[in-house]
Amino acid sequence: MTVQTENLSGLDLRAEIDRLRKDRNAIILAHYYQKPEIQDIADFVGDSLELSRKAAETDAEVIAFCGVKFMAETAKILSPQKTVVLPDLDAGCSLEDSCPPDKFKAFREANPDHIALTYINCSTEVKALSDIIVTSSSAEKILSQIPEDQPIIFSPDKHLGGYLARKTGRDMLLWPGVCIVHEKFSETELIKLKAEYPDAPIAAHPECPAHIVEHADHVGSTSSILKFAKETPADTVIIATEPHIIHQMEKAVPEKTFIGAPGADGNCNCNICPYMALNTMEKLYMALRDLEPRIEIEEELRLEAKKSLDRMMEMSSGTVGQGDLGPKDLAHKG
Ligand code: 13P
Ligand code: SF4
């Protein structure tokens, strides 16, 4: 249920959030797709892997997670002793919605020789049914540690899975989910924009369809797109991901110009994530004040989901060597 905002006019929300953060011993974690004012008040802004690491490491008693529900749930799975609040519990994800646990379980059962490599953008139940979780920044590294002859099902993002399959030559069975935000970029409009700015490189997120990714000079997670935008010698860069990340780019390199890749209507506003946009400063304030809405996960489910997330943490930091992992190491969860 979407949080009803009270009339908070007259309150200095920045000051109140700051006060509550101290009173509650809270940390505010935010994804790059959050509104600029939320990114600016956060203690840490990052991509999905970095945010998971921060949630696992923090000494704070409360995590106010400004992102979407699967991210806040990941924080709770990794830090169960902490209170995790999400400003709006309706902040979901089209990829999570595309992959109901019962259908995912049936998919696994129909492919008993396959291990399940699953994008972090999924429910806790689907994590519990998976062998290894990946993020866009860790997927390639993790994939390279799985033996070549091991069949894999990759869920729920068919575009990220397709990108990985093309890049690594691995033939994976793909779940047919998409991100409704990255799906909306228009190739025709992108080609027109590139003709207008021929020297501007294109940086794209791998959640984009192949017809967008194939025009990109750089493909990677939100953090890697940000790094590329800062480091490229080009003074204009075209960004094919959710446009709120441009806020960090403009702060880091104000002398450069960043242009959001267009949707079919020729502008980029249709690429704002409607789920991420549900979080507001008002709701963040109320979440810190009331310690609600709170993420709660039943312990048996949490422990099962943690196994696949722990594998991600180990394999993305390189503590499992290449070829170390075989099917025998993975508990089949069909
Ligand atoms: P990353 O920040 O890990 O690249 O993920 C992007 C995304 O769509 C999160 O929902
Ligand atoms: Fe989900 Fe796409 Fe929004 Fe990320 S941008 S939360 S993948 S709908």
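Residues numbered from 1 in each chain as written. Chains lettered and ligands numbered in written order. Predicted model: local features only at pLDDT ≥ 70, side-chain atom pairs only at ≥ 80, totals over all residues. Heavy atoms only, no water.

## Some remarks on the overall build of the chain
Here is step 1 of the chain: Of regular secondary structure, the chain possesses 15 helices and 12 strands.
Here is step 2 of the chain: Here the chain has a C-alpha radius of gyration of 20 Å; the compact-globule value for 334 residues is 20 Å, and the two agree.
Here is step 3 of the chain: If you line up the chain on its principal axes, its C-alpha atoms span 60 × 55 × 35 Å.
Here is step 4 of the chain: The buried share of the chain, taken over its 334 residues, is 59%.
Here is step 5 of the chain: The long-range fraction of contacts in the chain, counting pairs at least 24 apart against all pairs at least 6 apart in sequence, stands at 66%.
Here is step 6 of the chain: Within the chain, the 54 negative side-chain charges are centred at a point lying 3 Å from the centre of the 36 positive side-chain charges. (Helix = DSSP H or I, 4+ residues; strand = E, 2+ residues; numbered from the N terminus. Rg over C-alpha atoms; globule rule 2.2 N^0.38 Å. Buried < 20%, exposed > 50% of the residue type's maximum accessible area, 1.4 Å probe, protein only. Contact = heavy atoms within 4.5 Å. Lys, Arg positive; Asp, Glu negative; His and termini not counted. Charge placed at Lys NZ, Arg CZ, Asp CG, Glu CD.)

## Quick notes on helix H9 (residues 158–168)
Here is step 1 of the chain: All of the buried residues along H9 are His-159, Leu-160, Gly-161, Gly-162, Tyr-163, Leu-164 and Ala-165.
Here is step 2 of the chain: In this structure, the buried side of H9 is in contact with strand E5 (115–119), helix H8 (139–143), strand E7 (152–155), strand E8 (172–174), helix H11 (210–213) and strand E10 (218–219).
Here is step 3 of the chain: Here H9 starts with a cap whose side-chain oxygen sits 2.9 Å from the backbone nitrogen of His-159, and that cap is Asp-157.
Here is step 4 of the chain: Gly-169 occupies a position one or two residues after H9 and carries a positive phi of about 80°. (Polar contact = N/O pair within 3.5 Å; in protein donor to acceptor, adjacent residues only side chain to side chain.)

## Some thoughts on the site of ligand 2
Here is step 1 of the chain: Around ligand 2, a shell composed of Tyr-33, Val-68, Cys-93, Ser-94, Leu-95, Asn-121, Cys-179, Val-181, Glu-207, Cys-273 and Tyr-275 is seen.
Here is step 2 of the chain: When atoms are counted within 2 Å of each cavity's grid points, the one that captures over half of ligand 2 is the largest cavity.
Here is step 3 of the chain: A class-by-class count of the residues in the shell around ligand 2 yields eight nonpolar, two polar and one charged. (Near = heavy atom within 4 Å. 1 Å grid on protein atoms, 1.4 Å probe; cavity = no way out; pocket = protein on both sides within 12 Å on 5 of 7 lines; lining within 4 Å. Sits in = over half its atoms within 2 Å of the grid points. Nonpolar A, V, L, I, M, F, W, Y, C, P; charged D, E, K, R; others polar.)

## Observations concerning the layout of surface pockets
Here is step 1 of the chain: Considered as a void within the structure, the largest pocket measures approximately 150 Å³ in volume.
Here is step 2 of the chain: Among the elements of the structure, H8 and H9 are those that each provide at least two residues to the lining of the largest pocket.
Here is step 3 of the chain: Of all the elements, H9 adds the most residues to the lining of the largest pocket, at four residues. (Points joined across faces, edges and corners; volume = space filled by probe spheres on them.)

## Things to note about the packing of helix H4 (residues 69–78) against helix H15 (residues 299–316)
How two helices sit against one another is set out by the angle between their axes and by the gap between those axes.
Here is step 1 of the chain: At a minimum axis separation of 9 Å, H4 and H15 run at an interaxial angle of 95°. In this view, H4 runs roughly perpendicular relative to H15, as classed from their interaxial angle. Across the interface between the two elements, Thr-74, Lys-76, Ile-77 and Leu-78 of H4 pack against Arg-302, Ala-305, Lys-306, Leu-309, Asp-310 and Met-313 of H15. (Axes fitted to C-alpha atoms, helices over the stretch in contact; angles between N-to-C directions. Parallel < 35°, antiparallel > 145°, perpendicular 65-115°, else oblique.)

## Considerations on the site of ligand 1
Here is step 1 of the chain: Taken together, 13 residues lie near ligand 1, and His-31, Ser-48, Ser-136, His-205 and Thr-222 sit nearest.
Here is step 2 of the chain: At 2.9 Å, a side-chain N or O of Glu-207 approaches an oxygen atom of ligand 1.
Here is step 3 of the chain: Protein contacts shield 96% of the accessible area of ligand 1, which totals 300 Å² for the unbound molecule.
Here is step 4 of the chain: For the shell around ligand 1, a count of residues per class yields four nonpolar, seven polar and two charged. (Areas by Shrake-Rupley, 256 points an atom, 1.4 Å probe, with all protein chains shown as cover.)

## Considering the state of the cysteines
In a disulfide, the sulfur atoms of two cysteines are held together by a covalent bond.
Here is step 1 of the chain: A full pass over the atoms with the stated rule returns zero disulfides.
Here is step 2 of the chain: No disulfide involves Cys-66; its sulfur sits 14 Å from that of Cys-273, the nearest cysteine.
Here is step 3 of the chain: Looking at Cys-66, the relative accessible area reads 0%, which means it is buried.
Here is step 4 of the chain: Free of any disulfide, Cys-122 has its nearest neighbouring cysteine sulfur in Cys-99, separated by 6.9 Å.
Here is step 5 of the chain: Taking relative accessible area as the criterion, Cys-122 reaches 1% and is therefore assigned buried. (Disulfide = S-S within 2.5 Å.)

## Description of empty space enclosed by the protein
Here is step 1 of the chain: Counted according to the given criterion, the structure contains two cavities of 30 Å³ or more.
Here is step 2 of the chain: Roughly 260 Å³ of volume is contained in the largest cavity.
Here is step 3 of the chain: For the lining of the largest cavity, the secondary structure elements donating two or more residues are helix H3 (48–57), H4 and helix H5 (94–97).
Here is step 4 of the chain: Taken as a whole, the second largest cavity holds about 50 Å³ of empty space.
Here is step 5 of the chain: Every residue lining the second largest cavity is listed: Ser-48, Leu-51, Ser-52, Ala-55, Phe-65, Phe-70, Met-71, Thr-74, Ala-75 and Ile-120.
Here is step 6 of the chain: Among the residues making up the lining of the second largest cavity, the classes are represented as seven nonpolar, three polar and no charged.

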